[in-house]
Amino acid sequence: MAKIELCGVSYVYSSKTPFEKKAVNNIDVAIEEGSITGIIGHTGSGKSTLVQILNGLLEPTSGKVLFNGADMHAKKTKLSDIRFKVGLVFQYPEYQLFEETVESDIAYGPKNMGLDKAEIEKRVHDAAKFCGIEEAILKKSPFELSGGQQRRVAIAGVMAMTPEVLILDEPAAGLDPQGRSDIFGGICEYRRKTGATVIIVSHSMEDIARYCENVLVMSKGEVFDYGSCDKIFERSDELEAIGLDIPQIARLLRRVGEMGVSFDKNIYTVGEAYRSIIPFIKGGGGSAS
Amino acid sequence: MSKFIEIKNLSFSYPGDSQNPCVPVLHDINLEIDKGEFVAILGRNGSGKSTLAKLLNLILVPSSGTVSVGGKLLSSDMSEEEIIEVRKCIGMVFQNPDNQLVATVVEEDIAFGPENLGVEPEEIRRRVDQALEIVGMTEFAKHSPHQLSGGQKQRIAIAGIIAIMPECIVFDESTAMLDPHGRKEVMRTIETLNREKGITVITITHNMEEAVCADKVVVIDHGTIVKQGSPKEVFSRPEELWGLGLSVPQVTELFDMLRCLGAELPEGVISEEEGAQLLFELLRS
């Protein structure tokens, strides 16, 4: 079933002024419940506008947004309820930390949902666990923490609302490789435990290939393509033409392919590449031509 | 002959106050950088990379030890003129392009640096045109910076530094916020500056594929230099880098896994070209 569905959605900034700008145009996309979807696109392709439409922060200029099959902007829908169910983590979310302790910062969302004290406490601890935040840190001021730790606290603050859909805009930007894999590990863990639908915006093709099932490619405000990683990364030349790329490992194997050794299938992660090469090394097998 | 940048027994702590003790960041750093060299500095968040960069042009002053640039010892006793000379010599480009542009027209933004240094108008014109040409943005001279893409804005920020004619440019995660195309544009510009214009480049990055382009890779952890060498040397032991919160390019990771399986392959394969050739020979046989 589609968790969120966009039907003919367009959004125009500064409509009816000389500065009118169409940010997204006629988008038709259905995000399946429980899936993990990556959104890629060049700067200014409409990704950030799109994610704000997905959680109801922006109302489309035309078209419909369906959440669990119901119109998100119908009169009877309470948008605040939608926003508790569709959590959005902005780019550099650590700039939004404000409370005196890490614990109360993470508790801010659940508190606003009107939950009781015991439930809030449970949510804070669960969210901290997903994000690898140790108990000892909960009592500290968020401003004493390193950038990577602050990022985790900010993400935990959204997870504590246990949204059915978790959307993250460049969650790992500016982090070191270890920090990146910790953040993505936490997101995958949240999804595994809660069955949530996850949407990740990223400029890293390697991370998208590694963590996402589906990819939505945006270009100039429109959907360029939408489908499985295999389907998307197969179009490497076209992706490059719209300012994107494919993972390095895929570029490597493509080169080898051009030299005359062909592989069975599309490969976009190091693990897949490794498994496909093993038979060659162990003697025989594979499909060298 | 003395090196272009010489760092000796450098330590640095951010000053504390009555409530907080001072925060030690760098300990006993020794590093030499040649003129025209391309150096990549790697290290996890909070390891001290950016602090080190700020010590190179007197944004910060060492707690102990010395930094000299072009044979001149940097110190807080320098006169304002001397400090300006140092800052003219070492330019910096930071992460967020939106925070580095000041004017409403691209060419005025690039002229901002030389104007403030009192350069003659004709000379400013010449430098602005040249800087635009080097970063490949000549056709955007009259544009407004906010209409540009991230990669284009970052190239304008770089042009603004080039117009000051530094001998060395430090790029502090200058590609971190860019899309793949913008990243490539900026990396190409950095390589041109280094290989063709002879500018010394120091790049601080979390992107291992970018570090591969450098002549020398320096790894900092907890404020000390823990590894130093050519990209091939540094990336030849992936497990050591993982232990430092870092990683290796995907090509290197794949070859390391295949080596562990017993395949006869060299260590430290870092480029796609080399990797493709080796893999082709391995699979063909």
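Just so we're clear, the structure is a prediction, and the values are computed from it rather than from any experiment.

A. Molecular detail of the overall build of chain A. When its secondary structure is counted, chain A shows 12 helices and 10 strands. The globule rule puts the C-alpha radius of gyration for 289 residues at 19 Å, and the 21 Å found for chain A is close to it. Expressed along its principal axes, the backbone C-alpha trace of chain A runs to roughly 65 × 55 × 35 Å. Looking at chain A as a whole, 52% of its 289 residues are labelled buried. Considering only contacts in chain A between residues 6 or more positions apart, those separated by 24 or more positions represent 62%. Carbon and sulfur atoms provide 50% of the accessible area of chain A, an area that totals close to 12,900 Å². With 34 positive and 40 negative side-chain charges, chain A shows a separation of 2 Å between the mean positions of the two kinds.

B. Here's a closer look at the nonpolar core. The biggest cluster of nonpolar side chains holds 52 residues, and the ones touching the most others in it are A:Ile106, A:Ile133, A:Met159 and A:Phe233. The leading source of residues in this core is helix α6 (residues 147–159) of chain A, at six residues. Residues contacting A:Ile106, with those up to four places away along its chain left out, are A:Val124, A:Ala127, A:Ile133, A:Leu138, A:Val153, A:Ala156, A:Gly157 and A:Ala160. If you look at the next biggest cluster of nonpolar residues, it comprises 48 residues, including B:Ile134, B:Ile190, B:Val248 and B:Ile270.

C. Highlighting the pairing of strand β6 (residues 90–93) of chain B. All names here are of chain B. Judged by which residues are buried, β6 turns out to be covered on both faces: Ile90 and Met92 on one side and Gly91 and Val93 on the other are all buried. In this structure, β6 lies alongside strand β7 (residues 168–172), joined through four bridges in parallel fashion. When the sheet's bridge partners are listed, Gly91 is paired in β7 with Ile169.

D. Expanded view of the packing of aromatic side chains. Going through the model one piece at a time under the given rule, you end up with seven aromatic pairs over all chains. Ring geometry for A:Phe130 and A:Tyr190: centres 5.3 Å apart, planes at 80°, overall edge-to-face. In this pair, A:Phe130 sits in helix α4 (residues 117–130) while A:Tyr190 sits in helix α7 (residues 177–194), placing the two residues 60 residues apart along the sequence. An identical accessibility class is assigned to A:Phe130 and A:Tyr190; each is buried. With 4.9 Å between their ring centres and 90° between their planes, B:Phe12 and B:Tyr14 make a pair best called edge-to-face. Judged by its relative accessible area of 5%, B:Phe12 falls in the buried class. It is A:Arg151 that lies over the ring of A:Tyr92; its NZ or CZ is 5.3 Å from the centre. Directly above the aromatic system of B:Phe4 lies the positively charged group of B:Lys35, at a separation of 4.8 Å from the ring centroid.

E. Structural view of the interface of chain B and chain A. With 37 residues of chain B at the contact, the number on the chain A side is 38 residues. Both sides of the chain B and chain A interface together cover about 3,400 Å² of buried area, and 65% of this is carbon and sulfur. Counting across the chain B and chain A interface gives five salt bridges. Its salt-bridge partner being A:Arg255, residue B:Glu273 comes within 3.7 Å of it at the nearest N-O pair. Linking chain B to chain A there are 11 residue pairs in polar contact (both at pLDDT 80 or more). Taken together, the elements giving at least two residues each to the side of chain B that touches chain A come down to α6 (180–195), α7 (208–211), α10 (250–260) and α11 (272–284) of chain B. Tallying contributions element by element places α11(B) first for the side of chain B that touches chain A, with nine residues. When grouped by side-chain class, the residues that make up the side of chain B that touches chain A number 19 nonpolar, 10 polar and eight charged.

F. Up close: the pairing of strand β10 (residues 224–229) of chain B. Residue and element names in this part refer to chain B. Both strand β9 (residues 216–221) and β10 contribute to a ladder of five bridges, which runs antiparallel. Considered in β10, the bridge of Val219 is made with Lys227. Between β9 and β10, which pair antiparallel in sequence order, lie two residues; one of them, His222, sits at a positive phi of approximately 45°.

G. Quick peek at helix α4 (residues 121–134) of chain B. Residues and elements named next belong to chain B. Here α4 is 14 residues long and its end C-alpha atoms lie 20 Å apart, about the 20 Å a rise of 1.5 Å per residue gives. Residues of α4 that are buried: Ile124, Arg127, Val128, Ala131, Leu132 and Ile134. Around the axis of α4, the buried residues are gathered within 160° of arc, so they sit on the same side. The outward face of α4, more than 90 degrees from its buried face, is lined by the exposed residues Glu122 and Glu133. Buried residues along α4 sit against α3 (106–116), α5 (150–162) and α6. Gly136 lies just past α4 and shows a positive phi near 70°.

H. Summary view of the side chain of A:Thr37. All names here are of chain A. Following the sequence through the fold, Thr37 ends up in strand β3 (residues 36–41). The exposure class assigned to Thr37 is buried, which follows from its relative accessible area of 0%. Apart from the residues within four sequence positions on either side, Thr37 is in contact with Ile31, Val198, Ile199, Ile200, Cys212, Asn214, Leu216 and Tyr226.

I. Quick peek at the confidence of the model for chain B. Of the residues in chain B, 99% have a pLDDT of 70 or more, and the chain-wide mean is 93. The ipTM assigned to the predicted complex is 0.85, against a pTM of 0.89.

J. Molecular detail of the environment of A:Ser45. All names here are of chain A. Assignment of secondary structure puts Ser45 in the loop between β3 and α1 (47–54). Given a relative accessible area of 0%, Ser45 falls into the buried group. For the pair Ser45 and Met72, spaced 27 residues apart in sequence, the C-alpha separation works out to 24 Å. A polar contact of 2.8 Å, which involves the side chain of Ser45, links it to the backbone oxygen of His42.

K. Geometry of the pattern of salt bridges. Tallied over the full model, the rule gives 40 salt bridges over all chains. With a closest N to O distance of 2.9 Å, A:Asp126 and A:Lys122 form a salt bridge. In this pair, A:Asp126 and A:Lys122 are both assigned in helix α4, four residues apart and thus about one turn of the helix distant. Residues B:Arg195 and B:Asp215 are paired through a salt bridge, measuring 3.7 Å at the closest nitrogen-oxygen approach. Residue B:Arg195 is found in helix α6, and its partner B:Asp215 is found in the loop between α7 and β9; the two are separated by 20 residues along the sequence. One network of salt bridges, with partners in common, ties together A:Asp245, A:Arg251, A:Arg255, B:Lys184, B:Glu209, B:Glu272 and B:Glu273.

L. Examining the sheet that holds strand β4 (residues 62–67) of chain A more closely. Residue and element names in this part refer to chain A. Strands sit in the order β2-β1-β4-β5 across an open sheet of four strands; the sheet is antiparallel. With partners counted over all chains shown, the strands left at the sheet margins are β2 (21–32) and β5 (70–71), one partner each. Contacts from α1 reach β1 (2–13), β2 and β4, with the element oriented near 125° to β1.

How each quantity is defined
Residues numbered from 1 in each chain as written. Chains lettered and ligands numbered in written order. Predicted model: local features only at pLDDT ≥ 70, side-chain atom pairs only at ≥ 80, totals over all residues. Heavy atoms only, no water. Helix = DSSP H or I, 4+ residues; strand = E, 2+ residues; numbered from the N terminus. Rg over C-alpha atoms; globule rule 2.2 N^0.38 Å. Buried < 20%, exposed > 50% of the residue type's maximum accessible area, 1.4 Å probe, protein only. Contact = heavy atoms within 4.5 Å. Areas by Shrake-Rupley, 256 points an atom, 1.4 Å probe, with all protein chains shown as cover. Lys, Arg positive; Asp, Glu negative; His and termini not counted. Charge placed at Lys NZ, Arg CZ, Asp CG, Glu CD. Core = buried A, V, L, I, M, F, W, Y, C linked by side-chain atoms within 4.5 Å. Pairing = 2+ DSSP bridges. Phe/Tyr/Trp six-rings, centres within 6.5 Å; stacked < 30°, edge-to-face > 60°. Lys NZ or Arg CZ within 6 Å of the ring centre and 35° of its normal. Buried area = accessible area lost by both parts, 1.4 Å probe. Salt bridge = Lys/Arg side-chain N within 4 Å of Asp/Glu carboxyl O. Polar contact = N/O pair within 3.5 Å; in protein donor to acceptor, adjacent residues only side chain to side chain. Nonpolar A, V, L, I, M, F, W, Y, C, P; charged D, E, K, R; others polar. Expected span 1.5 Å × (residues − 1). Arc of directions from axis to C-beta. pLDDT = per-residue confidence, 0-100. Axes fitted to C-alpha atoms, helices over the stretch in contact; angles between N-to-C directions.

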